[in-house]
Amino acid sequence: DPDYAVWLINDAKFYIEQNISQVKLLLDRENENIIGYIALCADSIELSIKEKKIDGLKLKKEDTGAKIPKTVPALKIGKLAISIKYERQHFGAYLLWLSLAIAQEMNTMGIACRYISLDADVSVFPTNDKFYEKYGFKYNKNVNKNRQKELDQKEPGKKIENISMRYDIFGG
């Protein structure tokens, strides 16, 4: 999608300078071309009780009654893009696993991170969500339902273009 190339050229530096996201480039060592990139930032995701149970989160601590908060910490993939020249060579999967390693490193450093979150952009690539699903991402059904409800009020019949998804780094 050309918008992702434009974002990298025009906006990525600003996001980095403002500490809104960090961008990791994947370069071709032979010719120094950009294979792709991933933009990462801190996030929290809201899960329904059912979604928490599906992911094996205990809803409360038995002895003290402490409850899991409404939102859970996550590392957000703000953007992930691979150059057309390098598509279908598993570089997108490589960047996903890079984000998993970064999330695990955050936990090692003492920064809680339970999920990797993202919004699968299906406006240009209608099956984009299926790519993430193939690698173990689940749909945030509650978030998507609310987004669709809001959109239906503004533009009845139109489908949401950014599908909220999550990957449980402790449960896959």
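Counting 30 residues, the largest nonpolar core has Ile77, Leu80, Ile116, Tyr132, Phe137 and Met165 as the members making the most contacts within it. The set of elements that each furnish at least two residues to this core consists of strand S2 (34-46), strand S3 (71-82), helix H4 (91-108), strand S4 (115-121) and strand S6 (162-168). A total of six residues in this core trace back to one element, the largest contributor, which is H4. With residues up to four places along the chain from it excluded, the contact list for phenylalanine 137 reads Leu96, Ile116, Leu118, Tyr132, Met165, Arg166 and Tyr167. Within the second largest apolar cluster, eight residues are counted, among which are Tyr4, Tyr37, Ala39 and Ala81.

The end-to-end C-alpha distance of helix H6 (residues 141-154), which contains 14 residues, comes to 20 Å, matching closely the 20 Å that a straight helix rising 1.5 Å per residue would cover. Restricting attention to buried positions, one finds in H6 the residues Val143, Asn144, Gln148 and Leu151. Looking down the long axis of H6, one finds its buried residues gathered within 130° of arc, a one-sided arrangement. Among the exposed residues of H6, those oriented more than 90 degrees off its buried face are Glu150 and Gln153. If you follow the buried residues of H6, they end up packed against S2, strand S5 (138-139) and S6.

Before going further, it helps to spend a moment on the side chain of aspartate 28. Among the structural elements, aspartate 28 can be located in the loop between strand S1 (22-27) and S2. It is lysine 85 that comes nearest to the buried, bridge-free aspartate 28 among opposite-charge side chains, at 5.7 Å. Apart from residues no more than four positions distant in its own chain, aspartate 28 is found in contact with Asn33, Ile35 and Tyr86.

What counts as what
Residues numbered from 1 in each chain as written. Predicted model: local features only at pLDDT ≥ 70, side-chain atom pairs only at ≥ 80, totals over all residues. Heavy atoms only, no water. Core = buried A, V, L, I, M, F, W, Y, C linked by side-chain atoms within 4.5 Å. Buried < 20%, exposed > 50% of the residue type's maximum accessible area, 1.4 Å probe, protein only. Helix = DSSP H or I, 4+ residues; strand = E, 2+ residues; numbered from the N terminus. Contact = heavy atoms within 4.5 Å. Expected span 1.5 Å × (residues − 1). Arc of directions from axis to C-beta. Lys, Arg positive; Asp, Glu negative; His and termini not counted. Salt bridge = Lys/Arg side-chain N within 4 Å of Asp/Glu carboxyl O.

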